[in-house]
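For reference, the chains in residue letters:
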Amino acid sequence: MNSTIVRRKHATPPVPASPFPYNPGSLLSVMDLSLEGVSRLLARATELDQMDPLVRNRILAKRKVALLFYESSTRTRTSFELAAKALGADTALISSLSSSIEKGETLKDTGLTLRSLGAEAIILRHNASGAAWLLERETRLPVLNAGDGMHEHPTQGLLDLRTILAHLRPGIATVDAETLKGVTVAIVGDILHSRVARSNLLLLPRLGAQVVLCGPKELLPDLAAEAGPGVTVERDFETALGQSQVAMMLRIQAERLAGMQIDLGGYTASYQLTSARLAKFAPKAVVLHPGPIIRGLELTAEVADGPQSAILEQVKNGVAIRMAVVERALTAAEQGGRA
Ligand code: CP
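Calculation rules
- Residues numbered from 1 in each chain as written.
- Predicted model: local features only at pLDDT ≥ 70, side-chain atom pairs only at ≥ 80, totals over all residues.
- Heavy atoms only, no water.
- Axes fitted to C-alpha atoms, helices over the stretch in contact; angles between N-to-C directions.
- Helix = DSSP H or I, 4+ residues; strand = E, 2+ residues; numbered from the N terminus.
- Parallel < 35°, antiparallel > 145°, perpendicular 65-115°, else oblique.
- Left-handed = near helix turned anticlockwise from the far one by under 90°.
- Contact = heavy atoms within 4.5 Å.
- Near = heavy atom within 4 Å.
- Polar contact = N/O pair within 3.5 Å; in protein donor to acceptor, adjacent residues only side chain to side chain.
- Areas by Shrake-Rupley, 256 points an atom, 1.4 Å probe, with all protein chains shown as cover.
- 1 Å grid on protein atoms, 1.4 Å probe; cavity = no way out; pocket = protein on both sides within 12 Å on 5 of 7 lines; lining within 4 Å.
- Sits in = over half its atoms within 2 Å of the grid points.
- Domains from an automatic or database assignment.
- Points joined across faces, edges and corners; volume = space filled by probe spheres on them.
- Nonpolar A, V, L, I, M, F, W, Y, C, P; charged D, E, K, R; others polar.
- Pairing = 2+ DSSP bridges.
- pLDDT = per-residue confidence, 0-100.
- Phe/Tyr/Trp six-rings, centres within 6.5 Å; stacked < 30°, edge-to-face > 60°.
- Buried < 20%, exposed > 50% of the residue type's maximum accessible area, 1.4 Å probe, protein only.
- Core = buried A, V, L, I, M, F, W, Y, C linked by side-chain atoms within 4.5 Å.

1. Here's the deal with the packing of helix H6 (residues 154–168) against helix H12 (residues 311–331)
Part 1 of the reasoning: In the contact formed by H6 and H12, the axes pass within 8 Å of each other and the chain directions differ by 120 degrees. Overall, the two elements H6 and H12 adopt an arrangement that is oblique. Crossing of H6 over H12 shows right-handed handedness. Contact with H6, carried on its side by Thr155, Gln156, Leu158, Leu159, Asp160, Arg162, Thr163 and His167, involves Glu313, Gln314, Asn317, Gly318, Ala320, Ile321, Arg322 and Val325 of H12 and no other residues of that element.

Here it is, written out as structure tokens:
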């Protein structure tokens, strides 16, 4: 008798390839970008930042960009608008509070209306996770995700990366899978509701960084430990701080708590970044925060204004990165759609 065991192959059903992004100029997620694509954006951000403004504003002269904002924003909205204008584009701002969205117009119909009005790209901030994907599917325009609910904020991830590189890898022109080897980034606070945390934890480990998520169980479920390679959970803030070269502090997103009660006294006792904690556990760490900061809650005013804070550098980097991303949105199709 033939003792050979013939194993039948159980074919695993193929995972359907995502059709997103439909438009090569879109940036819906940091995962839309290869590391070469990240490198190109970083390099172009620097070129555009250093370019003569009179030359720069001919690059997208008279092209049309719409900013569609369903949630409030200071940094993202202003920097995207300044970025598009610096390249010479015309911009139109549509805010949910002063448009026909208030009368019940859907995201799809608003997007199609903007396309008919001549918009060549739409920058979208929305309270619903996945909204940018829906808008892209319906309009087929380049869509730039400026924050979708609790999901992603890809340009924030890129500007955070630019800031980290400037401090820890100055002079680096391109990134690869080892660029941030040996760098640990602690992301601290309200991870659960944070699109900034998600974009960073999807991006930074691809460059070799270790990401340590830190926060209380209500704001950082145990499940987060399975977020992916290069990501761990550490509940003790001082332990997380002690092993990190970057401390990225997050605001508690009161607008997304949906009735959840947080003991703020207990939270600040355990997770507030103070000068004493910084001096003792991370005297050389770079302090980041996507903003808006709440002084006296996730960090003290002394830390926000202190020498280790790169918070305002992040804001400035937002304009450079968004110039590169807006240019890519309007030129990717012509350039063969490189990611
Ligand atoms: N970081 C950030 O998204 O800030 P705004 O909400 O002010 O745009």
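2. Re the site of the ligand
Part 1 of the reasoning: Close contacts around the ligand come from Ser73, Thr74, Arg75, Thr76, Arg125, His153, Gln156, Pro290 and Gly291, and that covers them all.
Part 2 of the reasoning: At 2.8 Å from an oxygen atom of the ligand is found a main-chain nitrogen or oxygen belonging to Thr74.
Part 3 of the reasoning: A distance of 2.8 Å separates an oxygen atom of the ligand from a polar side-chain atom of Arg125.
Part 4 of the reasoning: With the chains in place, 91% of the 260 Å² that the ligand exposes on its own is no longer accessible.
Part 5 of the reasoning: More than half of the atoms belonging to the ligand lie within 2 Å of the grid points that define the largest pocket.
Part 6 of the reasoning: Here the shell around the ligand gathers at least three residues from each of two domains, domain 1 (30–152 + 316–331) and domain 2 (154–312).

3. Some thoughts on empty space enclosed by the protein
Space left empty within the atom packing is revealed by a probe, the size of a water molecule, rolled over the atoms.
Part 1 of the reasoning: Counting across every chain of the model gives 1 cavity of 30 Å³ or more.
Part 2 of the reasoning: Within this model, the largest cavity holds a volume of roughly 60 Å³.
Part 3 of the reasoning: Lining of the largest cavity is provided by Arg75, Ser79, Gln156, Leu159, His289, Pro290, Gln314, Val315, Gly318 and Arg322.
Part 4 of the reasoning: Contributing elements (two or more residues each) for the lining of the largest cavity: helix H3 (75–86), H6 and H12.
Part 5 of the reasoning: Broken down by element, the lining of the largest cavity gets its largest block of residues, 4 residues, from H12.
Part 6 of the reasoning: Residues belonging to the lining of the largest cavity are distributed by class as follows: 3 nonpolar, 5 polar and 2 charged.
Part 7 of the reasoning: Viewed by domain, the lining of the largest cavity spans two of them, domain 1 (30–152 + 316–331) and domain 2 (154–312), each represented by three or more residues.

4. Here's the deal with the sheet that holds strand E3 (residues 121–126)
Part 1 of the reasoning: The parallel open sheet is built from 4 strands, whose spatial order is E2-E1-E3-E4. The outermost strands of the open sheet, each flanked by one partner alone, are strand E2 (90–95) and strand E4 (143–148). Sheet twist, expressed as the mean angle between neighbouring strand axes with direction ignored, is 15 degrees.
Part 2 of the reasoning: Sheet analysis places E3 next to E4, joined by 4 bridges and oriented parallel. Of the residues in E4, the one forming a bridge with His126 is Asp148.

5. Examining the confidence of the model for the chain
Reading predicted coordinates in detail is not appropriate for stretches of low pLDDT.
Part 1 of the reasoning: When pLDDT is averaged across the chain, the result is 93; 95% of the residues are at 70 or more.
Part 2 of the reasoning: Confidence drops under pLDDT 50 across residues 1–8; counting only partners more than four residues distant or on other chains, this segment forms 0 contacts.

6. Things to note about the packing of aromatic side chains
Part 1 of the reasoning: Per the counting criterion, the structure on display carries 3 aromatic pairs.
Part 2 of the reasoning: Ring centres of Phe20 and Tyr22 lie 5.1 Å apart, and the angle between their planes is 75 degrees; on these two criteria the pair is classed as edge-to-face.
Part 3 of the reasoning: Measuring from ring centre to ring centre gives 5.5 Å for Tyr267 and Tyr271, while their planes differ by 35 degrees; the resulting arrangement is tilted. Placement of the pair is Tyr267 and Tyr271 together in helix H9 (residues 264–271), with a separation of 4 residues, close to one helical turn.
Part 4 of the reasoning: On the basis of relative accessibility, which here comes to 3%, the residue Tyr267 falls in the buried class.
Part 5 of the reasoning: On the basis of relative accessible area, Tyr271 is assigned to the buried category, the value being 8%.

7. Points about the side chain of Ser79
Part 1 of the reasoning: Position of Ser79 among the secondary structure elements: in helix H3.
Part 2 of the reasoning: Once residues lying within four places of it in the same chain are set aside, the contact partners of Ser79 are Gly318, Val319 and Arg322.

8. Structural notes on the nonpolar core
Part 1 of the reasoning: Formed by 60 residues in total, the largest nonpolar core has its most connected members in Ile123, Leu158, Leu161, Leu180, Ile187, Leu213 and Val326.
Part 2 of the reasoning: Of all the elements, H12 adds the most residues to this core, at 8 residues.
Part 3 of the reasoning: Built from parts of two domains, this core gets at least three residues from each of domain 1 (30–152 + 316–331) and domain 2 (154–312).
Part 4 of the reasoning: What Val326 contacts, discounting residues up to four positions off in sequence, is Leu60, Val65, Phe80, Ala84, Leu87, Ile123 and Leu144.
Part 5 of the reasoning: Counting residues in each nonpolar core, the second largest holds 25 residues, with Cys214, Leu241, Tyr271 and Ile311 among its members.

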